[in-house]
Structures are given as structure tokens and as C-alpha cells.
Amino acid sequence: MKATQISGRLWVLRDAEGGLYNDIDTDMIFHNRYLHITALAQMGQYTLDNLKGWEDFARRAQAGDLIMAGRNFGSGSSRQQAVDCFQALGIAAIIAESFGAIYKRNAINSGLPLITLPRLSQYGEQFQTGDSLVVNFVTGEVLRNGVERFQAQPFSKVQLAIYEAGNLFEYGKVAEK
Amino acid sequence: MGKTFAEKVLAQKAGLQQITAGQIVTVKPDRLLTHDNTSAIAATFRKIGVARVADPSMNVIVLDHVTPAANETYAISHQATRAFVAEQEIAAFYDIGEGICHQVLPEKGHAWPGAVIVGSDSHTPTAGAFGAFAAGIGRTEAAAVMATGEIWLRVPESIRVQLHGTLPARVSAKDVSLYLIGLLRADGADYCSVEFAGEAINAMSVGERMTLTNMSAEMGAKNAVVEPDEKTLAWLAGRVTQPFAPVYADADATYASVIEMDTTTLAPQVACPHTVDNVAPITEVAGKRVDQVLIGTCTNGRLEDLRAAAEILRGKHIARSVRLLILPASREILQAALAEGIITDLIAAGATLLNPGCGPCLGAHQGCLAPGEAVLSTSNRNFKGRMGSKDAAIYLGSPATAAATALTGVITDPREV
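The rules behind each value
- Residues numbered from 1 in each chain as written.
- Chains lettered and ligands numbered in written order.
- Predicted model: local features only at pLDDT ≥ 70, side-chain atom pairs only at ≥ 80, totals over all residues.
- Heavy atoms only, no water.
- Core = buried A, V, L, I, M, F, W, Y, C linked by side-chain atoms within 4.5 Å.
- Buried < 20%, exposed > 50% of the residue type's maximum accessible area, 1.4 Å probe, protein only.
- Helix = DSSP H or I, 4+ residues; strand = E, 2+ residues; numbered from the N terminus.
- Contact = heavy atoms within 4.5 Å.
- Buried area = accessible area lost by both parts, 1.4 Å probe.
- Salt bridge = Lys/Arg side-chain N within 4 Å of Asp/Glu carboxyl O.
- Polar contact = N/O pair within 3.5 Å; in protein donor to acceptor, adjacent residues only side chain to side chain.
- Nonpolar A, V, L, I, M, F, W, Y, C, P; charged D, E, K, R; others polar.
- 1 Å grid on protein atoms, 1.4 Å probe; cavity = no way out; pocket = protein on both sides within 12 Å on 5 of 7 lines; lining within 4 Å.
- Points joined across faces, edges and corners; volume = space filled by probe spheres on them.
- Domains from an automatic or database assignment.
- Axes fitted to C-alpha atoms, helices over the stretch in contact; angles between N-to-C directions.
- Parallel < 35°, antiparallel > 145°, perpendicular 65-115°, else oblique.
- Left-handed = near helix turned anticlockwise from the far one by under 90°.

## Here we look at the nonpolar core
Residue and element names in this part refer to chain B. In terms of nonpolar packing, the biggest core is built from 45 residues, with Leu10, Leu32 and Phe133 touching the most fellow members. For this core, the element with the most residues is helix α5 (residues 139–148), which contributes six residues. Residues in contact with Phe133, not counting those within four places in the same chain, are Phe5, Ala6, Val9, Leu10, Ala115, Val116, Ile117, Leu153, Pro156, Lys222 and Asn223. Ranked by size, the runner-up nonpolar core spans 42 residues in total, among them Cys272, Ile312, Val322 and Ile333.

In C-alpha cells, the structure reads:
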């Protein structure tokens, strides 16, 4: 079983105007010119390289880091690589106000934690790149720099079970036993 | 209390008396649609350690994305898909040239009212035009469905879109879609089931309804549905062989929101770079120079779309500065368009005909854009870099707008040609 509480350093994805980046689509996350790549180890280097201002993200991110964005993160295509690339980099969780519907399923099924902070765009300016966050998937509590608390949506039952098993396949094996 | 379409169809499939939005259910889908990504899904399937797919009759596989193979990498991928089809004895396999998976699926009888369809492509909701619950899923999940025959689904909240009135001449379902996406934004229907109803929908052909459900993915919808009527049943006759029972939302169902729209005065709409919700009426973008026009794709590659384009281009010639690409959504549509003389008219007007498939829509081949170029396309996505260069501009519009634009070389209001 994996830990249901994690901590890590935060990257806040902001756009040119300084607001939380909304509608980061799957082509910005993992562009279609790399879709022939199927080996996970090769995917990390291209993460966000089509997102204006964040082209060098893959070189700056470290395993265990957390990412924050605005509304509708992962909209667009159903491509799995847009989830896999973050796992290749070792990103521990993605925090956003909302996610694309298929993206959310892909992430849940791959065991990549997505944290939904309702109305995040109203207080997103409080978060800074470099913040230290503690996130509890069961309670939904997000603790910023050891002092400020925010309430995210707790994981659903199936989301938690898949995450704890590792991914959808491991979950399937557990379910059969 | 009344139930929505999604609540009713998923309750039926899950074998439950009634369910409510937000609940998670496990169902056995009627069909699993996959395309060129079948080779990758098959590789994941093999890692699970199950020898046979749970139910070969569930699988529908269509090679459409990069067809014919543009290079050796794609050729190897197609080869792996064909080998998987043979090994797993999958009957519903449609090789290159048959068309785009979202068009081929219903044409070959794999979509019907009340069916639950999942597909490893984000435009899977297209099949909702036939009264099916159809949703996109990812690759890993498609492999899991192959192995287990089941999928978990969160019952979506529903949005009702009620379209009143009629559509003016040269204004189409695509313009309605773009207008709604501009209104609701790219995340306006995130995770939701969108139900389309009203007299404007009743008046639309089945093909136009498919444009609406196809485009619903661009407002974040999990699925979209049009209630089946006589037109639906007539379209499906001779294609679907099994018995089915249409599912209709209750009149007193609970919706997250209800949108009422009168289409009578709607103007042609254009989505500007680089998001689909960056929508403007054509009067605001008319005059913008374009280098290429694409008419076709799973959004607007049907007979009525090609007909609308030919009606504008017949006996005329496209501007010298423009390349016009025609991409029928399927072999069946291409044959019908040939029989009607539409293709002859379009080619005489200067168009280049592409084989049925996804073509340049996803930027892999057959008409990618150079830096600084602009395209007016009838497809569904204008994300930065989608059709080639990151420094190209993609405008989305209707087939009529595309044809008028090809004629002049600048974005042109189809009501003025």
C-alpha cells in the first residue's frame, strides 16, 4: 500500500499575466509530435514543452515535486502520455481547480494523484513556486508551509483503492482475490 | 423523482433499480472502440497476463489516425494491430480506407439507442447522436476493459441544452456547437452528460447531430446524447441487427443546468487560435488571410457537409493562394459523394481529395502547416501546434464558412457568396 499523505515542493504553473494557468490541454502537456514514444523513461523530457513559459520544466522538476494549475487541467485528447510523462518525472501529485474528464480517469487509473481544490482560482495567488505542501488524500487536507490549511476534495472510494493498489491493474488483481 | 438519460442508461446496465449522479457503478460496455492506438493497448493488455480478450464481440477496431502509414514507425504499429486482431479473432476490424472510427462505428452497426460505448479517443461521445451513452477513456483503461470486459464509471451530472427555432440559411450545427462552447467555455461541461433537445435538433439530420455530440468533447463533456426519433431509426435500419430499447430522460429529471437557445438569428461562428472556446461571430474575423482550408474530419466530413461545400464551390474556382483539402469521414460517404457528383465538382473547383481517415487534423501527415501559415478547418480542435507548426494559426468553422473562405482566400461569411 502506498502512503495516503505526501509532502513535496510545489510548482505553480502561471500564465503570462501571472494567473493560474487554465485549460492546459494535452497538446501543451505532451505534444502530438511525440505520440510515437511508448517507453515511459523517454517521455519525461518532453513534459510541458509546448506550454508557453514552461518549456524547460522537465529539466527543472525533481522527483517528488507537486504541480498546481487552474481550471480544466488536461483537457483535450485521451492520450495516456499526458499522464505518463509526469510519472516518468516522478511528479507526486497535480493540484488544480478542475481536470479534463478523460484526463482525470487516466490519472486515477495510473495511480497519479490528482487533487481538486474547488474555487482555487479565487485564492491561487497565495501559493508560490517553492512552497512546501503536505496533502492528505483521505481527508483532502492541504497544508501550505506548515501553517495554512486548505480543503480539497477527498479521494473517492474507488480512486483511493486504485491509488493504494498502485494502478488499475494491481487494483484488479486485489479485487479478484 | 425523475432521472436523466445518463442515470437511466447506466442504472439499466449496472442492473440497479435506480442510481443518482455522483454514484460509481461497474458496467459491461456493449462496445469498446479503439483505433491506431490498439497496438499500444495490445502491448499493455499483454502485460496484464490474460491470454484472451474478455469478449471479442465487444471490440471494434478502426485504423484511421495515420492511414495509409506515413512511415515505417506507423507501419509497424498497424502491423501489430492486425496481428492482435487475428490472434484475438476480432471480427469488427476495419483496416485503412474504411474511414474515421467515430463514423465507421455507427455505419457498421456498432451504435444504437441505449448502448454503452467506451472508446480510447476523446471524440467517442459522437455516438451519442444515436441515443447511446458513449464516453472516451484512456489507453490503460481500454486494455483493462479488454481483459475484464468491465469498467467503473462515475454517473455524470447532466446539462440539458434546449434548442428552439430554426437555423438560418448557411448556418449549421457546427455554428451552434461553436457558439455553445464559446458560451460554456472549454470546461463548462466537465465530467457532465449533455442532453440536446428541442425543435432545432429535431429538424437536423443525423449527420448534423453527430457534429453536436462530437464537439461536446470541447466543452469537457463526458458524453452527449440526442434522443432517438424516426430519423435515427431510419438511419440505423439495416445496420444494427440486435434488438434495442431507446432510453429517454424523464421530463422531471434533475439537471446541473438547463441552457435555452434560440437558433433563429444565429450567425456563422469561428473559433480563433488557440482554444476552441475563443469563439467570435464571423463578422469579427472576416478578411483574415488563410493558406489552407480543410473540409472533412469526424466533425464535418459527412455527406451533408460536402454537399454544403459543393453548393458554394460548384462552377467556381478556389483562390490561387489557397490549398483546399477534402477529407470524407468514411468510404461510404466518399462513395455517396462520388455518386452525387459532389467530388467531381469540388475537384473541378481546385480541391485536393484525401482518403477517408483523420488526415491532417492531428498534424501527423497529409497537409501539415508551416510556421506563419493559417488554416480554416472544419475539425474540432485548434490547439497550438495541432496541425503542424506551433507558429501556425488554426481557425475552426462550418463547411459553408470553409468553402466560402476557400473561394476568396480570406475568412468569408458564407451568407455573402
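That shown, we press on.
## Structural notes on the interface of chain A and chain B
Taken residue by residue, the interface counts 33 residues in chain A and 33 residues in chain B. Surface buried jointly by chain A and chain B totals about 2800 Å² across both partners, of which 53% is contributed by carbon and sulfur atoms. If you look at where chain A meets chain B, you find three salt bridges. Applying the counting rule to chain A against chain B returns 18 residue pairs in polar contact (both at pLDDT 80 or more). At the level of secondary structure, the elements contributing two or more residues to the side of chain A that touches chain B comprise α4 (81–89), α5 (101–110), α6 (157–165) and α7 (168–176) of chain A. Element by element, the count of residues in the side of chain A that touches chain B is highest for α5(A), at eight residues. Looking at side-chain class alone, the side of chain A that touches chain B contains eight nonpolar, 16 polar and nine charged residues.

## Description of empty space enclosed by the protein
Within the structure shown, the criterion is met by two cavities of 30 Å³ or more. Its boundaries defined by the atoms lining it, the largest cavity holds a volume of some 250 Å³. Considering the residues around the largest cavity, the lining is formed by 24 residues, among which Ser75(A), Gly76(A), Ala217(B), Glu218(B) and Gly220(B) are closest to the centre. With three residues, the single largest contributor to the lining of the largest cavity is α5(A). Partitioned by chemical class, the residues of the lining of the largest cavity number nine nonpolar, nine polar and six charged. Built from parts of two domains, the lining of the largest cavity gets at least three residues from each of domain 1 (5–14 + 22–238 + 254–261) and domain 2 (269–416) of chain B. For the second largest cavity, the calculated volume is near 40 Å³. Looking at the second largest cavity, the residues that line it are Ile108(A), Gly111(A), Leu112(A), Pro113(A), Leu114(A), Phe155(A), Gln159(A) and Tyr163(A). Of the residues assigned to the lining of the second largest cavity, the class counts are six nonpolar, two polar and no charged.

## What to know about the domain arrangement of chain B
Residues and elements named next belong to chain B. Per the domain assignment, the segments of chain B are domain 1 (5–14 + 22–238 + 254–261) and domain 2 (269–416). A separation of 23 Å is found between the C-alpha centroids of domain 1 and domain 2. In this assembly, 36 residues from domain 1 lie in contact with 40 residues from domain 2. Carbon and sulfur atoms make up 53% of the area that domain 1 and domain 2 hide from each other, which totals about 3100 Å². Our count for the domain 1 to domain 2 interface comes out at four salt bridges. Here domain 1 is connected to domain 2 by 23 residue pairs in polar contact (both at pLDDT 80 or more). Going through the elements one at a time, α4 (101–107), α6 (173–184) and α8 (206–215) are the ones with two or more residues in the side of domain 1 that touches domain 2.

## Topic: the environment of Val135(A)
Residues and elements named next belong to chain A. Tracing the backbone shows Val135 in strand β5 (residues 132–136). Between the C-alpha atoms of Val135 and Ser156, which are 21 residues apart in sequence, the distance is 15 Å. Beyond its immediate chain neighbours, meaning those up to four positions away, Val135 contacts Thr4, Gln5, Ile6, Leu66, Ile95, Ile115, Glu141 and Val142.

## Quick notes on the packing of helix α2 (residues 38–48) of chain B against helix α3 (residues 72–88) of chain B
Residues and elements named next belong to chain B. At a closest axis distance of 8 Å, the pairing of α2 and α3 adopts a crossing angle of 55°. In terms of orientation, α2 lies oblique with respect to α3. Relative to α3, α2 is oriented so that their crossing is left-handed. In contact with Thr38, Ser39, Ala42, Phe45 and Arg46 of α2, α3 contributes Ser77, Ala80, Thr81, Phe84, Glu87 and Gln88. Here the residues of the contact of α2 with α3 are counted per class, giving four nonpolar, five polar and two charged.

## Some points on the pattern of salt bridges
Residues and elements named next belong to chain B. Scanning the model with the defined rule gives 30 salt bridges over all chains in all. Note that Lys108 and Glu98 form a salt bridge whose closest N and O atoms lie 3.4 Å from each other. In this pair, Lys108 is assigned in the loop between α4 and β5 (116–119) and Glu98 in the loop between β4 (93–94) and α4, connecting sequence segments ten residues apart. Across the pair Arg160 and Glu195 runs a salt bridge, and its minimum N-O distance is 2.8 Å.

## Here we look at unusual backbone geometry
For residues that are not glycine, phi is negative in most cases, and the peptide bond is trans in most cases. All names here are of chain B. Pro68 follows Thr67 through a cis peptide bond whose omega is -10°. Tracing the chain through its elements places Pro68 in the loop between β3 (59–62) and α3. Residue Pro273 is joined to His274 through a cis peptide bond whose omega torsion reads -5°. The phi dihedral of Gln366 is positive, around 55°, even though this residue is not glycine. Mapped onto the secondary structure, Gln366 falls in the loop between β16 (352–353) and β17 (374–377). A residue is classified by how much of its surface remains accessible, and Gln366, at 24% relative accessible area, is partly exposed.

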